[in-house]
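# Structure assessment
Here's the letter readout for the chains.
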Amino acid sequence: MFSLEGKVAVIMGAASGIGAETARRFTAAGARVVLADLADASAEATGLGGYFFEVDVTDEASVQALVASSVRELGRIDVMVNNAGVLGPGKGVLADGMEETRRVLEVNLIGVIHGTKHAARAMARGGSIVNTASMAGVVGFPGISAYGASKWGVVGFTRHTAIELGPSGIRVNCVCPTNVETPMVDGAADHWAKRAMALAHQDNHRSAMPADVAAAVHFLASDDAAMVNGHALWVDGGLGAGLSADLIEAAIGEPIREGQGFIE
């Protein structure tokens, strides 16, 4: 199941985190991979028997050149993973500078548009595009309005392009991870979100790992997901299901589970 044998996959933001884990997983499933990033991922690409191309997802010409180079070297593109992203300033709408906000939107949303547009032009029927959105693209969190707006845009763009590209036999889906232990997140300030999200994850008490998200991307990229199109797949530990018992108990300072039908 979920074989990618014979497929060519281009993975944006592949130098670390979710992108790097996705490249490793795709290779194990039989795909030939192109690792694309501003950061150097050439050593990782060589180790996987793949290719590395430097790309700036905010620059349409750079993305167009990446796609052309990938087709030239590998003959085709079957899967595009639009995963490049930045977290942004995280101070909130009243404090974030417009230059910082534009940067977040350019990388997280416009980069996805560039990748989708040019990959789709190079794909035959059966192609799959998987975008990295976020749970911040389906529910709100304080302090990350620019990031959230970019990820809401990715979810909406995914659904619209699924309709537009469906007649060409190209599927478009996205994943919506919760907090993931990646260099991007680890490099940010250790704020309330990591603790709050861990409590909100319906009793598994951990953040997501890159492998958790890569597994979801792998499924959506594969032919086994042929009937999945325009879908935003939550990889959220149950965060979106509602308030967890742990979060409620932390808020009110007393247990609520006894006699309430919880299975301990």
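What comes next concerns the included structure. In this text, all values refer to a predicted model and were calculated from it rather than measured experimentally.

Okay, the overall build of the protein chain next. A count of helices and strands for the protein chain gives nine helices and seven strands. Taken over C-alpha atoms, the radius of gyration comes to 19 Å for the protein chain, in line with the 18 Å a tight globule of 264 residues would show. Counting only C-alpha atoms, the protein chain reaches 60 × 45 × 35 Å along its principal axes. Every one of the 264 residues in the protein chain was classed for burial, and the buried ones make up 49%. Accessible surface, the protein chain as shown: approximately 12200 Å² in total, 56% of it carbon and sulfur. Side-chain charges of the protein chain comprise 19 positive and 29 negative groups, with the mean position of each set lying 7 Å from the other.

Summed over the entire model, instances satisfying the criterion amount to six salt bridges. Across the pair Arg24 and Glu44 runs a salt bridge whose closest N-O atoms are separated by 2.9 Å. One end of the pair, Arg24, is in helix 1 (residues 17–28); the other, Glu44, is in helix 2 (residues 42–47), with 20 residues separating them in the sequence. When its relative accessible area of 36% is taken as the criterion, Arg24 is described as partly exposed. The exposure class assigned to Glu44 is partly exposed, which follows from its relative accessible area of 28%. When the shortest N-O distance is used, the salt bridge between Lys91 and Glu100 registers 3.9 Å.

What counts and how
- Residues numbered from 1 in each chain as written.
- Predicted model: local features only at pLDDT ≥ 70, side-chain atom pairs only at ≥ 80, totals over all residues.
- Heavy atoms only, no water.
- Helix = DSSP H or I, 4+ residues; strand = E, 2+ residues; numbered from the N terminus.
- Rg over C-alpha atoms; globule rule 2.2 N^0.38 Å.
- Buried < 20%, exposed > 50% of the residue type's maximum accessible area, 1.4 Å probe, protein only.
- Areas by Shrake-Rupley, 256 points an atom, 1.4 Å probe, with all protein chains shown as cover.
- Lys, Arg positive; Asp, Glu negative; His and termini not counted.
- Charge placed at Lys NZ, Arg CZ, Asp CG, Glu CD.
- Salt bridge = Lys/Arg side-chain N within 4 Å of Asp/Glu carboxyl O.

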